[in-house]
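Given next are the chains, with one letter for each unit.
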Amino acid sequence: MLTSLRCVYQATPFIAGLAVAAAAMAGKYGIQAWHSFKTRPPRPRSRRFYDGGFQQTMTRREAALILGVRESAAADKVREAHRRVMVANHPDAGGSHYLASKINEAKDVMLGKTKNSGSAF
């Protein structure tokens, strides 16, 4: 009985030491993770926009990206999106003639009124 009691008394400091070491390692890892989180580059909080230029002939996907609607959007949603985008990019308000023609072409593609001629530019 005395020997088993002695083993318990010797094992207790060892277990306590392991617990302290594990807590120290977890704290070190937590501090490293916090520092790497704080030093990461900031991400923009706004929407990500389409990266890239226009294709030779406009596809339905590209038209939907220009107008900011889904490819399966209803006609009234397409018209509403066209009006919203066109107000921001109208040539009379300082917008580009090229972008205005692309916006109009996107509306035509989404509504199925393509002439297969592309934009005027």
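This structure is a prediction, so every number in the text was calculated from the model and none was measured. (Residues numbered from 1 in each chain as written. Predicted model: local features only at pLDDT ≥ 70, side-chain atom pairs only at ≥ 80, totals over all residues. Heavy atoms only, no water.)

Peer 1: Mind laying out the nonpolar core, listing which residues take part and the relevant values?
Peer 2: Judged by nonpolar contacts, the single largest core of 14 residues is most densely connected at Met58, Ala63, Leu67, Val69, Ile103, Ala106 and Met110. The dominant element in this core, judged by the number of residues it contributes, is helix α4 (residues 97-111), at five residues. (Core = buried A, V, L, I, M, F, W, Y, C linked by side-chain atoms within 4.5 Å. Buried < 20%, exposed > 50% of the residue type's maximum accessible area, 1.4 Å probe, protein only. Helix = DSSP H or I, 4+ residues; strand = E, 2+ residues; numbered from the N terminus.)

Peer 1: Quick rundown of the environment of Ala81? Include the residues and the values.
Peer 2: Along the polypeptide, Ala81 turns up in helix α3 (residues 75-89). Residue Ala81 is classed as buried on the basis of its relative accessible area of 1%. Setting aside residues no more than four positions away along its own chain, Ala81 makes contact with Leu67 and Val69. (Contact = heavy atoms within 4.5 Å.)

Peer 1: Can you break down the side chain of Glu62 residue by residue, with the values?
Peer 2: Tracing the backbone through its elements, the reader meets Glu62 in helix α2 (residues 60-67). Lys102 provides the closest opposite charge to the buried, salt-bridge-free Glu62, at an N-O distance of 5.7 Å. Among residues more than four places away in sequence, those in contact with Glu62 are Gly53, Phe54, Gln55 and Thr57. (Lys, Arg positive; Asp, Glu negative; His and termini not counted. Salt bridge = Lys/Arg side-chain N within 4 Å of Asp/Glu carboxyl O.)

Peer 1: Requested: an account of a nonpolar patch on the surface, with residues and values cited.
Peer 2: Together, Phe14, Ile15 and Leu18 line one region of the surface with nonpolar side chains, adding up to about 340 Å² of accessible area. Structurally, the position occupied by Ile15 is in helix α1 (residues 2-38). (Patch = residues over 30% accessible without salt bridge, like charges linked within 9 Å, V, L, I, M, F, W, Y side chains within 5 Å. Areas by Shrake-Rupley, 256 points an atom, 1.4 Å probe, with all protein chains shown as cover.)

Peer 1: Run through α2, naming residues and quoting values.
Peer 2: Where α2 is concerned, the buried positions are Glu62, Ala63, Ala64 and Leu67. Immediately downstream of α2, the backbone of Gly68 shows phi near 80 degrees, a positive value.

Peer 1: Which residues make up the packing of aromatic side chains, and what are the values?
Peer 2: Considering all chains together, one arrives at one aromatic pair under this definition. For the pair Trp34 and Phe37, a centre-to-centre distance of 5.8 Å together with 35 degrees between the ring planes defines the contact as tilted. Of this pair, Trp34 and Phe37 both sit in helix α1, three residues apart, roughly one helical turn. (Phe/Tyr/Trp six-rings, centres within 6.5 Å; stacked < 30°, edge-to-face > 60°.)

Peer 1: So what's going on with the packing of α3 against α4? Which residues, and what values?
Peer 2: Following both chains from N to C, one finds α3 and α4 inclined at 180 degrees, their axes separated by 10 Å at the closest point. The pairing of α3 with α4 is recorded here as roughly antiparallel in orientation. In contact with Ala75, Val78, Arg79, His82, Val85, Met86 and Asn89 of α3, α4 contributes Leu99, Ala100, Ile103, Asn104, Lys107, Met110 and Leu111. When grouped by side-chain class, the residues that make up the contact of α3 with α4 number nine nonpolar, three polar and two charged. (Axes fitted to C-alpha atoms, helices over the stretch in contact; angles between N-to-C directions. Parallel < 35°, antiparallel > 145°, perpendicular 65-115°, else oblique. Nonpolar A, V, L, I, M, F, W, Y, C, P; charged D, E, K, R; others polar.)

Peer 1: Mind laying out α3, listing which residues take part and the relevant values?
Peer 2: Helix length check: α3 (15 residues) gives 21 Å between terminal C-alpha atoms against 21 Å at 1.5 Å per residue, within 8%. Inspection of α3 places Val78, Ala81, His82, Val85 and Met86 among the buried residues, and these make up the whole buried set. Across the axial projection of α3, the buried residues extend over an arc of 130 degrees, all falling on one side. More than 90 degrees from the buried face of α3, the exposed residues found are Asp76, Glu80, Arg83, Val87 and Ala88. (Expected span 1.5 Å × (residues − 1). Arc of directions from axis to C-beta.)

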